[in-house]
Amino acid sequence: MEIRPILASLHKHRVPALLIVLEIALACAVLCNAVFMVAQCVIDGRAPNAIDEQGVSVIHIGGLDGRLAADSVSRDVAALRAMPGVKTVAAINEPPLGPDAMFNGFASKPNEEPQVNSSVYLIGKGAEQALGLKLLQGRYFTDEEYAQGELLPNHQSASHVVLVNQSDAKRWWPGQSALGQQIYSDINTWTVIGVVADVIAQDPSFAGVSGKYSSVFFPQRPSAELNNYILRSDPADRDHVLQQAMQTLGKLEPGAVLEGKTFADVRADYFAGSRNLAWMLVLVCVVMLAVTALGIVGLTSFWVGQRRKQIGIRRAVGASCRQILAYFQTENFLLSTAGVLLGLVLAFAINIYLMRHYEVSRMPWYYLGGGAAALWLLGQLAVLGPALRAASVPPVEATRTI
Amino acid sequence: MMGYSMELALRGLRRYPKTTALAVLTVAIGLAASMTTLALLHMLSADPLRGRSQHLHLAWVDTVLAKSQTYRSLDSDWATYDYKRLKTPDAEALLAAHKGTLQAAMADLDAQVGGDKGEPSNEQLLATSSDFIPMFGVALQDGRNWTAAEDAARTPVAVIDSELAQKLFGTPKAIGRVVQIKHHAFRVIGVSQPYAPQPHFYGLNAWTFSGNERESIFVPFGAAIDVGLASSSTDGCDDVTEKSKQYIAVDPMHCEWLAFWVQLDTPQEVTAYRSFLDHYAQQQPLGSFGKKPQSQLLSVQRWLTLQNAIPDNVRLNVLLAGSFLLLCMVNVAGLLAAKFMRRGAEVGIRRALGASRRAVMLHHLFEAGMVCLLGGVLAWPLTLLGLALLRMQDQGFTDLARLDVAMFAALFALALAVGVLVGLLPSWRVSMVQPGLQVKSA
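Residues numbered from 1 in each chain as written. Chains lettered and ligands numbered in written order. Predicted model: local features only at pLDDT ≥ 70, side-chain atom pairs only at ≥ 80, totals over all residues. Heavy atoms only, no water.

Chain A is annotated in an unreviewed UniProt entry as ABC transporter permease of Dyella nitratireducens. Reading the Sequence similarities (unreviewed entry) entry of the UniProt record for chain A gives the comment "Belongs to the ABC-4 integral membrane protein family." As recorded by UniProt, the Subcellular location (unreviewed entry) comment attached to chain A reads in full: "Cell membrane". (UniProt positions renumbered as here; feature names shortened; annotations may be inferred.)

This next bit is on the overall build of chain B. Broken down by element type, chain B carries 14 helices and ten strands. Here chain B has a C-alpha radius of gyration of 31 Å; the compact-globule value for 442 residues is 22 Å, and the former is much larger. The C-alpha extent of chain B, read off along each of the three principal axes, is 100 × 55 × 40 Å. The burial tally for chain B puts 51% of its 442 residues in the buried class. Look at the contacts in chain B between residues 6 or more apart in sequence, and 77% of them connect residues 24 or more apart. A total accessible area of about 19,600 Å² is found for chain B, and carbon and sulfur atoms account for 59% of it. Averaging the coordinates of the 39 positive side-chain charges in chain B and doing the same for the 37 negative ones gives two points 17 Å apart. (Helix = DSSP H or I, 4+ residues; strand = E, 2+ residues; numbered from the N terminus. Rg over C-alpha atoms; globule rule 2.2 N^0.38 Å. Buried < 20%, exposed > 50% of the residue type's maximum accessible area, 1.4 Å probe, protein only. Contact = heavy atoms within 4.5 Å. Areas by Shrake-Rupley, 256 points an atom, 1.4 Å probe, with all protein chains shown as cover. Lys, Arg positive; Asp, Glu negative; His and termini not counted. Charge placed at Lys NZ, Arg CZ, Asp CG, Glu CD.)

Following the UniProt record, one finds the feature "domain: ABC3 transporter permease C-terminal" (unreviewed entry) at residues 284-395 of chain A. Measuring from the first to the last C-alpha atom of residues 284-395 of chain A gives 43 Å, for a span that is 86% helix and 0% strand.

Our focus in this paragraph is unusual backbone geometry. All names here are of chain B. That bond from Q198 to P199 is cis: its omega, -10°, falls within 30 degrees of zero. Backbone geometry at R154 places phi at a positive 55°, although glycine is not the residue there. Within the secondary structure layout, R154 lies in the loop between helix 5 (148-152) and strand 5 (157-161). Taking relative accessible area as the criterion, R154 reaches 30% and is therefore assigned partly exposed. Non-glycine residue H183 carries a positive phi angle of around 65°.

As a further point, take the interface of chain A and chain B. Taken together, the contact pairs 42 residues of chain A with 36 residues of chain B. Where chain A meets chain B, there are zero salt bridges. Our count for the chain A to chain B interface comes out at two residue pairs in polar contact (both at pLDDT 80 or more). Elements represented by at least two residues in the side of chain A that touches chain B include exactly helix 2 (14-45), helix 7 (204-211), helix 10 (272-306) and helix 12 (321-357) of chain A. No other element matches helix 10 of chain A, which puts 16 residues into the side of chain A that touches chain B. Residues belonging to the side of chain A that touches chain B are distributed by class as follows: 25 nonpolar, 13 polar and four charged. (Salt bridge = Lys/Arg side-chain N within 4 Å of Asp/Glu carboxyl O. Polar contact = N/O pair within 3.5 Å; in protein donor to acceptor, adjacent residues only side chain to side chain. Nonpolar A, V, L, I, M, F, W, Y, C, P; charged D, E, K, R; others polar.)

It is worth spelling out the domain arrangement of chain B at this point. Residues and elements named next belong to chain B. Partitioning chain B into domains gives domain 1 (2-45 + 311-441) and domain 2 (53-306). Centre-to-centre separation of domain 1 and domain 2, based on C-alpha positions: 50 Å. Taken together, the contacts link six residues of domain 1 with five residues of domain 2. Interface area for domain 1 against domain 2, summed over the two sides, is near 410 Å², with a carbon-plus-sulfur share of 63%. In this structure, the connection of domain 1 to domain 2 is made through zero residue pairs in polar contact (both at pLDDT 80 or more). When its residues are assigned to classes, the side of domain 1 that touches domain 2 shows four nonpolar, one polar and one charged. (Domains from an automatic or database assignment. Buried area = accessible area lost by both parts, 1.4 Å probe.)

Residue and element names in this part refer to chain B. Tallied over the full model, the rule gives two cavities of 30 Å³ or more. Considered as a void within the structure, the largest cavity measures approximately 50 Å³ in volume. Every residue lining the largest cavity is listed: R85, M106, A107, D108, Y202, G203, N205, S231, W257 and A259. Here the lining of the largest cavity gets three residues from one element, more than from any other, and that element is strand 2 (residues 102-114). Looking at the lining of the largest cavity residue by residue, the class counts come to five nonpolar, three polar and two charged. (1 Å grid on protein atoms, 1.4 Å probe; cavity = no way out; pocket = protein on both sides within 12 Å on 5 of 7 lines; lining within 4 Å. Points joined across faces, edges and corners; volume = space filled by probe spheres on them.)

Time to look at the state of the cysteines. Per the counting criterion, the structure on display carries one disulfide over all chains. Disulfide pairing is shown between C237 of chain B and C255 of chain B; the S-S distance is 2.0 Å. On the sign convention where negative means left-handed, the S-S torsion of about 110° between C237 of chain B and C255 of chain B marks this disulfide as right-handed. Of the two residues, C237 of chain B sits in the loop between helix 7 (221-226) and strand 9 (259-263) while C255 of chain B sits in the loop between helix 7 and strand 9, which places them 18 residues apart along the sequence. Judged by relative accessible area, C237 of chain B falls into the buried class, the value being 11%. Its relative accessible area of 0% is what places C255 of chain B among the buried residues. Unpaired in this structure, C28 of chain A has its nearest cysteine sulfur neighbour in C32 of chain A, at a distance of 4.2 Å. (Disulfide = S-S within 2.5 Å.)

This brings us to the domain arrangement of chain A. Split by domain assignment, chain A resolves into domain 1 (4-46 + 273-399) and domain 2 (64-255). For domain 1 of chain A and domain 2 of chain A, the distance between their C-alpha centres works out to 54 Å.

To continue, consider the UniProt feature "transmembrane region" (unreviewed entry) in chain A. All names here are of chain A. If you check UniProt for "transmembrane region" (unreviewed entry), the listed places come out as residues 15-39, 277-305, 332-353 and 365-384 in our numbering. Structurally, residues 15-39 comprises 100% helix and 0% strand, and the distance from its first C-alpha atom to its last is 36 Å. Annotation note: span residues 277-305, helix share 100%, strand share 0%, distance between end C-alpha atoms 42 Å.

Residue and element names in this part refer to chain B. The predicted model of chain B averages 85 in pLDDT, with 93% of residues at 70 or higher. Confidence over residues 70-80 falls short of pLDDT 50; this stretch has 18 contacts with residues more than four positions distant or in other chains. At the level of chain-chain contacts, confidence expressed as ipTM amounts to 0.77, with global pTM at 0.78. (pLDDT = per-residue confidence, 0-100.)

Structure representation (structure tokens):
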């Protein structure tokens, strides 16, 4: 395909050509960044969590009298355990992805400044089964350890044992076994008795990148701190069991404020904001691509209309339909290429701006590649209609005046 | 000539109705997206207390007898929660100094509040001092505010809002009744209208934008301390503080928990207050903790900026919608260019008959302007729809998404500006048509 005549013709129509290039450049820049941000939202929403989420429901209980809470918690757990359909029940201070996070910093050496927000899970007896933790090394807490666990006035666990996440074990003691090692915070020390697969933080966005999978587990006897019940049931009748459990608790604790959710809802609620953002971005992308495509169709149609006579002459002197079609497709390809090149520079600049001012990370190159390919394809599809119309101009057009 | 250009423009609009409709629709979508996000940003960044907030300043002096602590994680990607509060003795000293027109110390606390009978309910309580109500413009419906003398005497009195009065006593006429706070009696001396400025700038640690949260009861902070109410958060405690009193219920004497706001009416007063604070800071024995004297006096706007009060994704959405509008504009410029160039022959004849370039350009600018104004009209219901969609999301601040008069005017100003910008290039191009050439081919 000879491109010199195309360039000559574009040179004559500088304004429309420039507008198409600009349009494609803008669309490409915004598309790359928007798709990248949608992907980040999706990845966030699917953050792995090594507990068996499917059968778990969480009931938050508020407004218990602090002095009587210990009895209430024991009584509630016993009553829930006796319910049909409930496999296991345990009390916990806060579930993963819960809103009222309890963070603390721990270090693997005494007097070292902790640098990560670790989520503190105070768990009641049986919580390892109720959550479905995956033990990788060591053991869970003994009944005796559960019975001794409580909070000191400085809000540290009085227990001397701790379960840690696999990520923390690797971070604190690279290349060594974590079992038997000590962690420190304030004036307290704990011995690691087990390592579990990574459980996600209580409020991962607050915990930050380093704290997202930094979780530590302490045994806790029934107390006011354990104001969430974890229920495990068959995923099939999870909703029904949760409803029943709410009624049971409502009768047992008439003064308390109860809030029950399946873990699926806990996760959905936590990521609701980023999911909304993602949908909005998707909507913007779709409308934007539609607008771009319509713009290309409009301008190319105008060109085709203007050049009917020239097309007729070319056809009369021997050009085939296919060659006319190829002419417009090549023209569009040249414009798209210019637009995409400009767009990639813009997309990169936008990404750098967002990185500097917002919590956005660097965009991997394949988003740029994907965006470029999408706009090339969009351009070719948009130009197809007007180009086919051009190809169907009969040679006799050459003999007519406008 | 203006009238003639306008008439030509109107005719032009009707000539290729499909292209015109497409252009109008594109402008409308772009404008609606931009205005929806801008309206939310506008509401969120609005002055929380019109007519008052420019005189209000947050005063802070570092008096914590401990090494400075950083609350930053390694990633440093979350805000340092540094609310610039004071310990009780310092707040009392600044109140007693009385260097501003009005001044008040305040803290948001959770409290169980009960009436004569029935279950107590959880309410947001503002522990503050007597100047708060006049200074922040809380409207009293009935009764009176408490006095500086009652502050000093730590008298258990309370001002409650009409909705709490209704809830506790079944009537807004609650003067002289008694509310129970932590099983202590507080006499109601005033009933106010519900008070909820947005953002909640004087207590950002409690919340920033609230749907239905607000302080429903105001009491002297001394009386609040006496009944055992305490803040659950602090910006720092003296080293002597017991560890257990640094969390959950902090020690009011040794931990920072009160925000101190002062009303300063003139720049001279601001300067004077700043030097007063500097002087106060220099008297603090902080040297042994490795700290230099520190004090700050921040205006409301500066404070909200520092605290990053407007959520990031609101600004991000404005940027996104802005770039979308830009794309729509380029697209419409393209459509208009095509439309205008199609009548090249006609313009050639007009030029040959003596029309000036200016006249041709004006006609086409008018046409572009009208396309965008029509787009603006269509964008209005679309914007309202967008805002309604925003309000349906529950993110704490989205219920503020509304279109006020200023933003309504801005919509049309923007539409007109877009029209001129979009029209410039195509109109210039069509005005460059050579007279002779076009006449020949026609």
